[in-house]
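Structural features, examined
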Amino acid sequence: MRKSIFGVTLLMTMAAIETLTVTAEPAQARSLAIPDISEWQGALTATQVQQLKPQVAFVINRRQYGANYVDKDAANNTSLYVRYGIPFGEYDFATFTSVKAARLEARDFYQRANPATRFYVLDYEVNDLRSGSTNAAVKAWYQAMRSLTKKKLIFYSYASFATEFANTARQAFNAQWIAEYNRQKPAIPYAMWQYTDAAHLAGIPTAVDNSRVNVKVHPISWWTATGSLTTPMMRAVSRPIVEKTVAPVVKVKPARVIKTKHRQHVKKVVTKSVKKHPVTKVKAKSSKSVTKASKARTVKKRSGVKAKRVKKTVNHRRVAAKKSVRPVKRQLKHVVVKKPVRRHAVKRVVKHRRVAKVKRAKKVTKRRLSQSQRHPRRLKKVRHKR
């Protein structure tokens, strides 16, 4: 907290000093010309430079037109500026086509520029980009230059182009030099305004571009100061810069994800144990006339469908036993007698074996009774034992 308060106090003090510098600067210095000179004005002579010195506050000279073309009169003119004590800056007319090309162009510009230059300018007014974004390319140029020098870096363009192609990247520069060739000032914030391209100065045979410094942002002394940049960029002296305290970023560990195997749902199959019914002996009911042999016979009860069939046959036999003896007589008509038998023996058979015939009728299945139309089964004649 003490550091931030100290930083705010220091910035406010610097702003106050710069305000005093602005007011202390004579009006004559603020009315001096700031020409833009290149090979179009030709190679200057010592006499021309001496004539130029009292008319200008400082000069901005072009060093290169892209990375592949060096201004042919830049070395001659800048050496004369150094000899006769004219403060100057140099600019690179940008023609880079990618982010990588912007870095290379900045490196070449720094190596070619005169070491006595007070600041470096990026002149970005033509979009030749083939890949990437223009803001990224301008940012790459700035970062490459900032890694090579601590001097002031200036962004130059006209208002509409600056806002469309470098609206975010241009904010990193120490000052903005905006061109607007009319009586009205630029619509965007600026530190220097290039207001005409038809100024005439003694010692220069052709018309030149001329500019004015916005002393509310940076005074002329800021532009002509030698050495590295020690103060941050100020948009307006009347508004002191308050240092913003940024809260430290707390790194949060990512949540640990525990992978678990998916358990398949297994259906429990409950098998019911089927108890086998025990085999029981059921005595068949018979009438009084049923013989001992028929009484001794029993019907076994079985499990499942067979047990049901046995029950049905037993019930059917009971019903058949109660029926009249007429079906038995019909069956007796078809009895085949193999051996001659006496009449009284036949009568005895009919008389005493009537119940036996009923027993035979009990053995007749349900299927035989339903098919009564078929020919009845021939019964063998049973001899009567005397």
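So, a few notes on the structure that sits alongside this text. (Residues numbered from 1 in each chain as written. Predicted model: local features only at pLDDT ≥ 70, side-chain atom pairs only at ≥ 80, totals over all residues. Heavy atoms only, no water.)

**Thoughts on helix 6 (residues 134-148)**
We apply this condition: Strands here mean DSSP runs of E at least two residues long; helices mean DSSP runs of H or I at least four residues long; both are numbered from the N terminus. The span you would expect from a helix comes to 1.5 Å times its residue count less one. Each residue gets one of three labels from its accessible area relative to the maximum for its type: buried under 20%, exposed over 50%, partly exposed in between, using a 1.4 Å probe on protein chains only. Should any heavy atoms of two residues lie within 4.5 Å, those residues are counted as being in contact.
Here helix 6 contains 15 residues, and its C-alpha end-to-end distance of 22 Å stays within 8% of the 21 Å for a straight helix at 1.5 Å per residue. Residues of helix 6 that are buried include every one of T134, A137, V138, A140, W141, Y142, A144 and M145, and no others. Tucked into the core, helix 6 has its buried residues touching strand 3 (88-93), helix 5 (99-112), strand 4 (119-123), strand 5 (152-158) and helix 7 (159-165).

**Overview of the packing of aromatic side chains**
The criterion, for reference: A pair of aromatic rings is counted whenever rings of Phe, Tyr or Trp (Trp by its six-membered ring) have centres within 6.5 Å, and the orientation is called stacked for planes under 30 degrees apart, edge-to-face for over 60 and tilted otherwise. Each ring is checked for a lysine NZ or an arginine CZ that lies within 6 Å of its centre and within 35 degrees of its normal; such an atom marks a charge sitting over the ring.
Applying the stated criterion across every chain, the model contains 19 aromatic pairs. With 5.4 Å between their ring centres and 20° between their planes, F96 and Y124 make a pair best called stacked. Of the two residues, F96 sits in the loop between strand 3 and helix 5 while Y124 sits in the loop between strand 4 and helix 6, which places them 28 residues apart along the sequence. Note on accessibility: F96 and Y124 belong to one class, buried. Measuring from ring centre to ring centre gives 6.0 Å for Y110 and Y120, while their planes differ by 45°; the resulting arrangement is tilted. Taken together, the residues Y110 in helix 5 and Y120 in strand 4 connect sequence positions 10 residues apart. Y110 gets classed as partly exposed once you look at its relative accessible area, which sits at 29%. Taking the relative accessible area as the measure of exposure, Y120 reaches 3% and is therefore buried. An aromatic cluster is present here, built from F109, Y110, Y120, W141, Y142, F155 and F173 joined pairwise through their rings. Taking the ring centre of W222 as reference, the NZ or CZ of K152 above it sits at 5.2 Å.

**A word on the packing of helix 5 against helix 6**
Put simply, the rule is: Helix axes use the C-alpha atoms of the stretch in contact, all axes being lines fitted to C-alpha atoms, and the angles between their N-to-C directions lie in the range 0 to 180 degrees. Left-handed describes a crossing in which the near helix is turned anticlockwise from the far one by less than a right angle; the clockwise case is right-handed. Throughout this entry, Asp, Glu, Lys and Arg are counted as charged residues, while Ala, Val, Leu, Ile, Met, Phe, Trp, Tyr, Cys and Pro are counted as nonpolar. The remaining residues, Gly among them, count as polar.
Direction vectors running N to C along helix 5 and helix 6 enclose 35°, while the axes themselves pass 8 Å from each other. Classified by chirality, the crossing of helix 6 by helix 5 is right-handed. Contacts from V99, A102, R103, E105, A106, R107, F109 and Y110 of helix 5 reach helix 6 at A136, A137, A140, W141, A144, M145 and L148. The residue inventory of the contact of helix 5 with helix 6, partitioned by class, reads 12 nonpolar, no polar and three charged.

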